[in-house]
Amino acid sequence: MEANKYENCYVAFLDILGFKDLLEHNNMEEIRKIFEEIREFRPNPLIELPAHNQIKFHIMSDSIIVYVDADIQDSFISLTEVCYQIQIYLLRREKPVLLRGGIAKGNLYRDKDVIFGTGLSRAYSLENGLASYPRIIFTGATLNEGLE
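In this text the structure is predicted, and so the values were computed from the model without any measurement.

### Structural notes on the overall build of the protein
Then step 1. Each helix and strand in the protein was counted, giving five helices and six strands.
Then step 2. The helix and strand sequence of the protein, counted from the amino end, reads β-α-α-β-β-α-β-β-α-β-α.
Then step 3. For 148 residues, the compact-globule estimate of 2.2 N^0.38 gives 15 Å, and the protein sits close to it at 15 Å.
Then step 4. Dimensions along the principal axes, computed over C-alpha positions, put the protein at roughly 45 × 35 × 30 Å.
Then step 5. Once local pairs closer than 6 in sequence are excluded, the contacts in the protein between residues at least 24 apart make up 69%.
Then step 6. Accessible surface, the protein: about 8500 Å² in total, of which carbon and sulfur atoms supply 51%.

What follows is the structure, given as structure tokens:
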């Protein structure tokens, strides 16, 4: 991603559910390990797609932002597959971790520890406003556009 420029991306905003409880009942090292596992996570795709190697992560507090350039072929499919695999991976831990999230398309700016844009805002709004249960959602319009 080029500095000082918006990129058109598919963006997933994933919220770690029960994070306050994790903080109260686990030591720092156990919580750090969860984030380390996410950062080092490598998808095991059913079909290798060009976008799989272009997916990036940004972790902050109880949130994981996963994004990929929307101009790469099959980027939406790759992003949803990676989010699904992260969700299953965390669910299968000895102490399961649940996620709730939203996926949207829009502009994204990222430079080191700064990240913002309409794509992130839309994904957050889906997660915060509509995804009431542990699940990752997107709109029909995003699905249709992503499958084109």
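### Topic: the pairing of strand β4 (residues 99-111)
Then step 1. The buried fraction of β4 is high, at ten of 13 residues.
Then step 2. Bridge analysis of strand β1 (residues 7-16) against β4 gives ten bridges, and the strand direction is antiparallel. Residue N8 lies in a different strand from β4, and its bridge partner there is N107.
Then step 3. Here two bridges tie β4 to strand β6 (residues 136-137), and the two strands are oriented parallel to one another. Within β6, the residue paired with G102 across the bridge is I137.
Then step 4. Note that β4 and strand β5 (residues 114-116) share three bridges and pair antiparallel. The residue bridging Y109 from the neighbouring strand is F116, located in β5.
Then step 5. Counted along the chain from β4 to the antiparallel partner β5, the turn is two residues long, and its residue K112 has a positive phi close to 55°.

Scoring rules and cut-offs
Residues numbered from 1 in each chain as written. Predicted model: local features only at pLDDT ≥ 70, side-chain atom pairs only at ≥ 80, totals over all residues. Heavy atoms only, no water. Helix = DSSP H or I, 4+ residues; strand = E, 2+ residues; numbered from the N terminus. Rg over C-alpha atoms; globule rule 2.2 N^0.38 Å. Contact = heavy atoms within 4.5 Å. Areas by Shrake-Rupley, 256 points an atom, 1.4 Å probe, with all protein chains shown as cover. Buried < 20%, exposed > 50% of the residue type's maximum accessible area, 1.4 Å probe, protein only. Pairing = 2+ DSSP bridges.

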